[in-house]
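Residue-level structural notes
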Amino acid sequence: MVKINLKKLISKKDVTSVVSGAISALDENITIRDAKGMILLGTDSQLVSPKYPISAASEVIGWVTGSARAVFLAEMLSYIAKTELEKKTLAQETLSKYEEINFLYEFARLIASCKGIQSVTELVISETKKLINATQVFVMLLNEKTGAMEAIAARGAESNQKIVIRPGEGIAGHLSDSRYIQEGENEISSLICTTIGNETIGVIKISNTYPVNYTAEDLKMFAALTTPAAAAIKNALLYEQLKDYSHTLEMKVAERTVEIAVSG
């Protein structure tokens, strides 16, 4: 969250000039303090004077102490602080967008080079853990024969744990959801999951043994991973199907060659 430091703000050359000019024009004893009461400008007057808040959005970041005319300085500093907050927020959002695009670009590049389903799912898991705080990550794919979701790769879970979610059981998005199913012996305090592909071919599920406030931004980035992941998983499954078909064909050709040789 973007914060405004009043001390740093009024120490800026242009702001210092404006504040000094305003105090000079008011021609009275004025003190500027931060939110904790520390004096940033002026002197500690023995007289009890009214104080006026300096705000950035809804947060009070300091006070101006003086006569009724000092409210002008408080309002001016509040406007400067609000403008500075908007600039910093925009800069942070721009940087965040750049980092998101860069992350997704790099993820797409890496996953495009993966061949087998295992290398694809391991990459999905490792990149997901970089993105979101999790103690467990599962990649589950749809078994077309049974219609169930089966975990084919996991990180942070016991290696011998077999997770299967059968048709009609659903995938939980919240622990209080009536569809939530406790899977295995691992205690879960926080959970977030998303489907893989427009036509669901699987689910990526992350969880944490400690309470975590997963945000809409986490879900948005998490879901964005599934587009290149779905394409790579489909390609990997097709690649393995072709390998199996090629191996089966080679065996049949070899068997037929032996049959011809024996009969000849």
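The text that follows walks through the structure, step by step, so that each part is easy to find. (Residues numbered from 1 in each chain as written. Predicted model: local features only at pLDDT ≥ 70, side-chain atom pairs only at ≥ 80, totals over all residues. Heavy atoms only, no water.)

1. Examining the overall build of the protein
Looking only at helices and strands, the protein features five helices and nine strands. When the helices and strands of the protein are listed from N to C terminus, the series reads α-α-β-β-β-β-α-α-β-β-β-β-β-α. Relative to its full complement of 264 residues, the protein shows a buried share of 36%. By sequence separation, contacts in the protein at least 24 residues apart represent 51% of the contacts at least 6 residues apart. Here the protein displays about 16500 Å² of accessible surface, and carbon together with sulfur accounts for 56% of that area. (Helix = DSSP H or I, 4+ residues; strand = E, 2+ residues; numbered from the N terminus. Buried < 20%, exposed > 50% of the residue type's maximum accessible area, 1.4 Å probe, protein only. Contact = heavy atoms within 4.5 Å. Areas by Shrake-Rupley, 256 points an atom, 1.4 Å probe, with all protein chains shown as cover.)

2. Section: the packing of aromatic side chains
Tallied over the full model, the rule gives zero aromatic pairs. Above the ring of W63, the side-chain terminus of K51 is found at 4.4 Å from the ring centroid. (Phe/Tyr/Trp six-rings, centres within 6.5 Å; stacked < 30°, edge-to-face > 60°. Lys NZ or Arg CZ within 6 Å of the ring centre and 35° of its normal.)

3. Digging into the sheet that holds strand β1 (residues 31-34)
In spatial order, the strands read β2-β1-β4-β3; together these four strands make up an open sheet with antiparallel pairing. The sheet is open, and its two edges are formed by β2 (39-41) and β3 (51-56), each paired on a single side. Strand after strand, the sheet turns through a mean of 35° between neighbouring axes, direction not considered. As defined by bridge partners, β3 adjoins strand β4 (residues 59-65) across six bridges and the pair is classed as antiparallel. In the strand pairing of β4, Y52 is matched with V64. Those strands touched by helix α3 (residues 71-112) are β1, β3 and β4, and its axis lies near 10° from that of β3. (Pairing = 2+ DSSP bridges. Axes fitted to C-alpha atoms, helices over the stretch in contact; angles between N-to-C directions.)

4. Section: the environment of T209
Position of T209 relative to the elements: it lies in the loop between β9 (202-208) and α5 (216-263). T209 gets classed as partly exposed once you look at its relative accessible area, which sits at 31%.

5. Some details on unusual backbone geometry
At D27, a residue that is not glycine, the phi angle is positive and equals roughly 50°. Accessibility expressed as a relative area gives 66% for D27, which makes it exposed. Located in the positive-phi region is A57, a residue other than glycine, with phi close to 60°. Residue position: A57 is located in the loop between β3 and β4. Given a relative accessible area of 59%, A57 falls into the exposed group.

6. Brief notes about the packing of α3 against helix α4 (residues 117-131)
In the contact formed by α3 and α4, the axes pass within 10 Å of each other and the chain directions differ by 165°. Put simply, α3 runs roughly antiparallel to α4. Between α3 and α4 the crossing geometry is right-handed. In this structure, α3 contributes F103, F107, L110 and I111 to the contact, and α4 contributes V120, L123, V124, E127 and L131. (Parallel < 35°, antiparallel > 145°, perpendicular 65-115°, else oblique. Left-handed = near helix turned anticlockwise from the far one by under 90°.)

7. Observations regarding the pairing of β4
On a regular strand, each side chain points to the face opposite its neighbour's, so the side chains alternate between the two faces of the sheet. The sheet contact formed by β1 and β4 spans four bridges and is antiparallel. The partner of I32 across the bridge, within β4, is V64. In this antiparallel pair of consecutive strands, β3 and β4, the connection spans two residues, and A57 shows a positive phi of 60°.

8. A word on the pairing of β9
When you tally the buried positions in β9, you get seven out of seven residues, the bulk of the element. Burial along β9 is two-sided: the face carrying G202, I204, I206 and N208 and the face carrying V203, K205 and S207 are both buried. Across six bridges, strand β5 (residues 136-142) lies against β9 in antiparallel orientation. Among the inter-strand pairings, F138 is bridged to a residue of β9, identified as K205.

9. Considering helix α2 (residues 13-26)
Look at α2: 20 Å from first C-alpha to last across 14 residues, which is about the 20 Å you get at 1.5 Å a residue. When α2 is considered as a whole, its buried residues turn out to be V15, V19, A22, I23 and L26. Seen from one end, α2 has its buried residues packed into an arc of 95°, which puts them on one side. In this structure, α2 carries K13, D14, S17, S24 and A25 as exposed residues pointing more than 90 degrees from its buried face. Looking at the buried residues of α2, the elements they touch are α1 (6-10), β1, β2 and α3. Following α2 by one or two positions, D27 adopts a phi angle in the positive range, close to 50°. (Expected span 1.5 Å × (residues − 1). Arc of directions from axis to C-beta.)

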